[in-house]
Amino acid sequence: MLLRLYESILWRALKVANVLVRGNAAYLLLDAFPLQNPDSTREENDELLQKQFGVLEDLLADPSPLIRSTGVKGVCRVVGIYWELIPTGMLQTLLTRLVKDMASDGSSNAVRSSVFEKVMALYPQTTCFYPGLVSSPPYSVDDDYLISFEDNSYFEGYSPPLHVPQRYVLLWKEPKRRK
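Mind showing me how you'd approach the overall build of the protein here?
Secondary structure summary: the protein contains six helices and five strands in total. Each helix and strand of the protein, placed in order from N terminus to C terminus, yields the pattern α-α-α-α-α-α-β-β-β-β-β. Each of the 179 residues in the protein was classed as buried or not, and the buried ones make up 39%. Counting only contacts in the protein whose residues sit at least 6 apart along the sequence, the fraction spanning at least 24 positions is 48%. Just so you have it, the protein exposes about 11200 Å², and 54% of that area is on carbon and sulfur atoms.

What is the right way to read the packing of helix α2 (residues 19–32) against helix α3 (residues 42–60) from this model?
Helices that pack against each other are described as a pair by the angle of their axes relative to one another and the distance between those axes. The N-to-C vectors of α2 and α3 enclose an angle of 135°; their axes lie 11 Å apart at closest approach. One finds that α2 runs oblique with respect to α3. Here the hand of the crossing between α2 and α3 comes out left-handed. Between α2, through Ala26, Leu29 and Leu30, and α3, the contact on the second element is made entirely by Gln52, Val55, Leu56 and Leu59. Partitioning the contact of α2 with α3 into residue classes produces six nonpolar, one polar and no charged.

Looking at this structure, I do not really get unusual backbone geometry. What am I missing?
Of all residues except glycine, most have a negative phi; of all peptide bonds, most are trans. Cis geometry is found at the peptide bond from phenylalanine 33 to proline 34, where omega equals -5°. Among the structural elements, proline 34 can be located in the loop between α2 and α3.

Please explain the pattern of salt bridges as it appears in this structure.
All chains considered together, the criterion is met by two salt bridges. In this structure, arginine 22 and aspartate 62 form a salt bridge, with 2.8 Å as the shortest nitrogen-oxygen distance. Here arginine 22 is found in helix α2, whereas its partner aspartate 62 is found in the loop between α3 and α4 (65–82), with 40 residues between them in sequence. Note on aspartate 62: relative accessible area 10%, which makes it buried.

Help me understand the nonpolar core in this model?
Most often, soluble globular proteins keep nonpolar side chains buried together rather than apart. Counting residues in hydrophobic clusters, the biggest one holds 33 residues, and the most contacted among them are Leu10, Trp11, Leu14, Leu35 and Leu56. Every element with two or more residues in this core is listed here: α1 (2–13), α2, α3, α4 and α5 (88–102). Of the residues forming this core, the biggest block, seven residues, is contributed by α3. When near neighbours in sequence (up to four residues on either side) are disregarded, leucine 14 contacts Arg22, Ala25, Ala26, Leu29, Val55 and Leu59.

Can you walk me through the packing of aromatic side chains in this structure?
The geometry of an aromatic ring pair is captured by two quantities: the separation of the ring centres and the angle between the planes. For the coordinates displayed, the defined rule picks out four aromatic pairs. Between phenylalanine 33 and tyrosine 82 the ring centres are 5.6 Å apart and the planes differ by 65°, which places this aromatic pair in the edge-to-face class. Placement of phenylalanine 33 in the loop between α2 and α3 and of tyrosine 82 in helix α4 is noted, with a sequence separation of 49 residues between them. Judged by its relative accessible area of 24%, tyrosine 82 falls in the partly exposed class. An aromatic cluster is present here, built from Phe33, Phe53 and Tyr82 joined pairwise through their rings.

Just to check I follow, could you spell out the packing of α2 against α4 for this structure?
Remark: α2 packs on α4, axes separated minimally by 10 Å, with the N-to-C direction vectors making an angle of 5°. Here α2 lies roughly parallel to α4, going by the angle between them. Every residue of α4 that contacts α2 at Val19, Leu20, Arg22, Gly23, Ala26, Tyr27, Leu30 and Asp31 is listed here: Leu66, Ile67, Thr70, Gly74, Arg77 and Val78. For the contact of α2 with α4, the residue count by class is eight nonpolar, three polar and three charged.

Conventions used here
- Residues numbered from 1 in each chain as written.
- Predicted model: local features only at pLDDT ≥ 70, side-chain atom pairs only at ≥ 80, totals over all residues.
- Heavy atoms only, no water.
- Helix = DSSP H or I, 4+ residues; strand = E, 2+ residues; numbered from the N terminus.
- Buried < 20%, exposed > 50% of the residue type's maximum accessible area, 1.4 Å probe, protein only.
- Contact = heavy atoms within 4.5 Å.
- Areas by Shrake-Rupley, 256 points an atom, 1.4 Å probe, with all protein chains shown as cover.
- Axes fitted to C-alpha atoms, helices over the stretch in contact; angles between N-to-C directions.
- Parallel < 35°, antiparallel > 145°, perpendicular 65-115°, else oblique.
- Left-handed = near helix turned anticlockwise from the far one by under 90°.
- Nonpolar A, V, L, I, M, F, W, Y, C, P; charged D, E, K, R; others polar.
- Salt bridge = Lys/Arg side-chain N within 4 Å of Asp/Glu carboxyl O.
- Core = buried A, V, L, I, M, F, W, Y, C linked by side-chain atoms within 4.5 Å.
- Phe/Tyr/Trp six-rings, centres within 6.5 Å; stacked < 30°, edge-to-face > 60°.

This is a description of form; function is not addressed.
Below you can see the structure in the form of structure tokens.
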């Protein structure tokens, strides 16, 4: 049902020249990912999923920093939640693009900083989640994140990177303060 409502505008809106329209369409797709049709065959749903993966790749290559930043956040969310659903080759392509291209994007601070957002991660050998920064994302579904946890006892304010399994790392947004 959702696919039928979105399909008429979504794919067209992702290709228009207007940055705001593309950005809104990107948010819509990333929020509803993965779009699937329960009445379709498996092959048709696989084709639709491949189309969505292609759009994720296109968002990371968009000429607009706003769209690339949105794409980085969306790809991180999608990979974090649906990593088992993403084919290995596509997962490797998306992660490589994030680490090599987006993390060193010379044209936009927003794109670079969106790659290294704060996370909440399970501190090794404890049962507590602590805030930290991703020092190195995993390169495959079996690899761990390297997380530098906030720690005032270190001069830089962060601990040396520690290995944390992927399932124990969550994107963390600081709550907005009320004025």
